[in-house]
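Architecture and fold: a report
Single-letter residue listing:
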Amino acid sequence: RNGTWGGRVLDGIQAWCGCRFTDSGLSFNETQWQECQPLLQAARDTHTKFQLMIAGDVPDAAIDHPEMFIQDALDLYRRLDIDGFSLDDERDCAPRKSTDEFVRWVKFQNAFASALVDDDDNYIPVTSAVQALFGIQDDPNNDPCDRPPVMYPLEKRVVQELQSAFLEKWLVMDTYYFGLDRFLSTLDWHVGYIPKQTLAVGMMWNRDGLTQENLIARFHAIDKAGVDWINMFMLPIDDIFLPFLLRWKTYCAGCGEQRILGCYDMSVTCQPSDSDDVADL
């Protein structure tokens, strides 16, 4: 373990631990689940929420008849003592390549998330990892990922679905990749078209080209955009990210005499106290 598990960085994790979509419901691999027990225990020891990833593409059977998939999820939730579920459907690079198919897919997700209620009538959190949403087009032969984002016309129906969806967070993955220019443009797109309360910006540490100066620019943009959830891929988080994440979460508390001046000065050692407010990660 490094500072990832230091107590102030993580609030929750999404983990692939043996659950996946099939045409007949959710399958569950007990062996893979047992292999995840050290990760689950680490989450419990640090009061970190644990969402079970449901791997694979959402099948047409689930879209047409979500009831058995909902029941399978409720059974797993009660048996495994988890804190929610997370989807990661990349069938067409985007969840679906055409607008009509995307509308059907979101309809399933809304039905699934809104039906998951615990014994105290609280909604069970559902997140959804997505990419290339800006590339979804009103064309069944479309490829959402074969052109730069700027080459796709805006599809208003896609935006409408994103804005009205029922889920805890869209976990946006387009901000994993590419240079600072595309990071900033895709960040602005998602901030502009997804409500802040359901937007999570993804970042990936295991890639080249992320200098300290580059990360300063990225975190400054996320901060000024008012994003309240960063989703990191993957664990453990690389050391280069940890000071940025802690500054972002604590609103740069303890970063010199004036936090607004010390926030992005990486020569300043920030010393937040336990009583300082934090954002969600």
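Our subject is the structure listed above.
Notes on the structure follow.

Definitions and limits used
Residues numbered from 1 in each chain as written. Predicted model: local features only at pLDDT ≥ 70, side-chain atom pairs only at ≥ 80, totals over all residues. Heavy atoms only, no water. 1 Å grid on protein atoms, 1.4 Å probe; cavity = no way out; pocket = protein on both sides within 12 Å on 5 of 7 lines; lining within 4 Å. Points joined across faces, edges and corners; volume = space filled by probe spheres on them. Helix = DSSP H or I, 4+ residues; strand = E, 2+ residues; numbered from the N terminus. Phe/Tyr/Trp six-rings, centres within 6.5 Å; stacked < 30°, edge-to-face > 60°. Buried < 20%, exposed > 50% of the residue type's maximum accessible area, 1.4 Å probe, protein only. Lys NZ or Arg CZ within 6 Å of the ring centre and 35° of its normal. Pairing = 2+ DSSP bridges. Right-handed = clockwise from strand over helix to strand, strands pointing away. Axes fitted to C-alpha atoms, helices over the stretch in contact; angles between N-to-C directions. Parallel < 35°, antiparallel > 145°, perpendicular 65-115°, else oblique. Left-handed = near helix turned anticlockwise from the far one by under 90°. Contact = heavy atoms within 4.5 Å. Nonpolar A, V, L, I, M, F, W, Y, C, P; charged D, E, K, R; others polar. Salt bridge = Lys/Arg side-chain N within 4 Å of Asp/Glu carboxyl O. Expected span 1.5 Å × (residues − 1).

1. A closer look at empty space enclosed by the protein
According to the stated counting rule, one finds one cavity of 30 Å³ or more in the structure shown. Approximately 30 Å³ is the volume found for the largest cavity. If you trace the largest cavity, you find it lined by Thr-175, Tyr-176, Met-203, Met-204, Arg-207, Leu-210, Leu-215, Arg-218 and Phe-241. Among the secondary structure elements, those contributing two or more residues to the lining of the largest cavity are strand E7 (199-204) and helix H8 (212-225).

2. Section: the packing of aromatic side chains
Scanning the entire structure with this criterion turns up 16 aromatic pairs. When the centroid spacing of 5.7 Å and the interplanar angle of 85° are considered together, the rings of Phe-134 and Trp-189 count as edge-to-face. Of this pair, Phe-134 sits in the loop between strand E5 (126-130) and helix H6 (156-164) while Trp-189 sits in helix H7 (residues 180-193), and the two are 55 residues apart along the sequence. Given the relative accessible area of 11%, Phe-134 is considered buried. Pairwise contacts between aromatic rings join Phe-21, Phe-69, Phe-85, Phe-108 and Phe-112 into one cluster. Above the ring of Phe-178, the side-chain terminus of Arg-182 is found at 4.0 Å from the ring centroid.

3. Comments concerning the pairing of strand E6 (residues 169-172)
Along E6, one buried face is formed by Lys-169 and Leu-171 and the opposite face, lined by Trp-170 and Val-172, is buried too. Here E5 runs beside E6; their pairing, made up of four bridges, is parallel. Pairing of Val-130 across the sheet is with Val-172, part of E6. Assessed by its sense of winding, the connection that carries the chain from E5 through H6 to E6 is right-handed.

4. A few points about the packing of H8 against helix H9 (residues 242-249)
Between H8 and H9, whose axes approach to 11 Å, the crossing angle comes to 20°. Classed by the angle they form, the pair H8 and H9 counts as roughly parallel. Both H8 and H9 take part in a crossing whose hand is right-handed. Of the residues in H9, those in contact with Gln-212, Leu-215, Ile-216, Phe-219, Ile-222 and Asp-223 of H8 are Phe-244, Leu-245 and Trp-248. Residues that form the contact of H8 with H9 fall into these classes: seven nonpolar, one polar and one charged.

5. Description of the pattern of salt bridges
A side chain with one charge may pair with a side chain of the opposite charge, provided their charged atoms come close. Scanning the model with the defined rule gives 12 salt bridges in all. Across the pair Asp-89 and Arg-96 runs a salt bridge whose closest N-O atoms are separated by 3.0 Å. With a relative accessible area of 2%, Arg-96 lands in the buried category. Salt bridges here are not isolated pairs; linked through shared partners, they connect Arg-91, Asp-92 and Glu-101.

6. Description of the sheet that holds strand E3 (residues 49-55)
One open sheet accounts for eight strands, arranged E2-E1-E3-E4-E5-E6-E7-E8; its pairing is mixed. Among the strands making up the open sheet, the edge pair consists of strand E2 (25-28) and strand E8 (230-233). When the angles between neighbouring strand axes are averaged without regard to direction, this sheet yields 35°. Packing against the sheet, H8 makes contact with E7 and E8, and its axis sits at approximately 175° to E7.

7. What to know about H8
The terminal C-alpha atoms of H8 lie 20 Å apart, and with 14 residues this matches the ideal 20 Å at 1.5 Å per residue to within 8%. Among all positions of H8, only Asn-214, Leu-215, Ile-216, Arg-218, Phe-219, Ala-221, Ile-222 and Ala-225 are buried. Positive phi appears at Gly-226, one or two residues downstream of H8, with a value of about 75°.

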